[in-house]
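# Reading the structure
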Amino acid sequence: KAAAAAAAAAALAASVPATVGRRRPAPLRRYPLSDLRVALDLDMPSMLVCHAVDGKLAMLLRSGPGIAWEEVAASKLWLRMFAQASRSACSGQRLQRRELAS
């Protein structure tokens, strides 16, 4: 049994990508949260569609393949969290502007 467990552990270690522990490449683009408009996709409610302020598609976020109700629920929770974080970011920016103006 010990030899089988050691072989399984070695196989698992070999299957881990070599990039683990290395620095990931920089993202292609960064968007301030306050500049994103996030909505559920009408055809696939487990997917969030994110547009930049200029109206261009920024990204699609999917909580799963869309076959289970849990994925739709997760997408709706993420949508609420994006909205709350966006409101917080906008109010924080307004506060900073007021402080700079005074």
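Further up the page is the structure itself.
Now for a description of the structure that goes with this document. Keep in mind the model is a prediction, meaning the values are calculated, not measured.

What counts as what
- Residues numbered from 1 in each chain as written.
- Predicted model: local features only at pLDDT ≥ 70, side-chain atom pairs only at ≥ 80, totals over all residues.
- Heavy atoms only, no water.
- Helix = DSSP H or I, 4+ residues; strand = E, 2+ residues; numbered from the N terminus.
- Buried < 20%, exposed > 50% of the residue type's maximum accessible area, 1.4 Å probe, protein only.
- Contact = heavy atoms within 4.5 Å.
- Areas by Shrake-Rupley, 256 points an atom, 1.4 Å probe, with all protein chains shown as cover.
- Pairing = 2+ DSSP bridges.
- Axes fitted to C-alpha atoms, helices over the stretch in contact; angles between N-to-C directions.

## A closer look at the overall build of the chain
Looking only at helices and strands, the chain has 2 helices and 3 strands in total. Counting from the amino terminus, the chain carries its helices and strands in the arrangement α-β-β-β-α. Within the span of the chain, comprising 102 residues, buried residues form 13% of the whole. When contacts within the chain are restricted to residue pairs at least 6 apart in sequence, those whose partners lie at least 24 apart make up 31%. Only carbon and sulfur atoms are counted for the fraction: they give 61% of the accessible area of the chain, which is about 8,400 Å².

## A few points about the pairing of strand β3 (residues 57-62)
Judged from the 5 bridges that link them, strand β2 (residues 47-52) and β3 form a sheet pairing that is antiparallel. From the neighbouring strand, Leu48 faces β3, where its bridge partner is Leu61. The hairpin formed by β2 and β3 contains 4 residues between the paired strands, and Gly55 there has a positive phi angle of roughly 90 degrees.

## Here we look at the sheet that holds β3
Across the sheet, which stays open at both edges, the 3 strands sit in the order β1-β2-β3 with antiparallel pairing between neighbours. Whereas interior strands pair on both sides, the edge strands pair on one side only; in this sheet they are β1 (36-40) and β3. In this sheet, adjacent strand axes meet at a mean angle of 20 degrees when their direction is disregarded.

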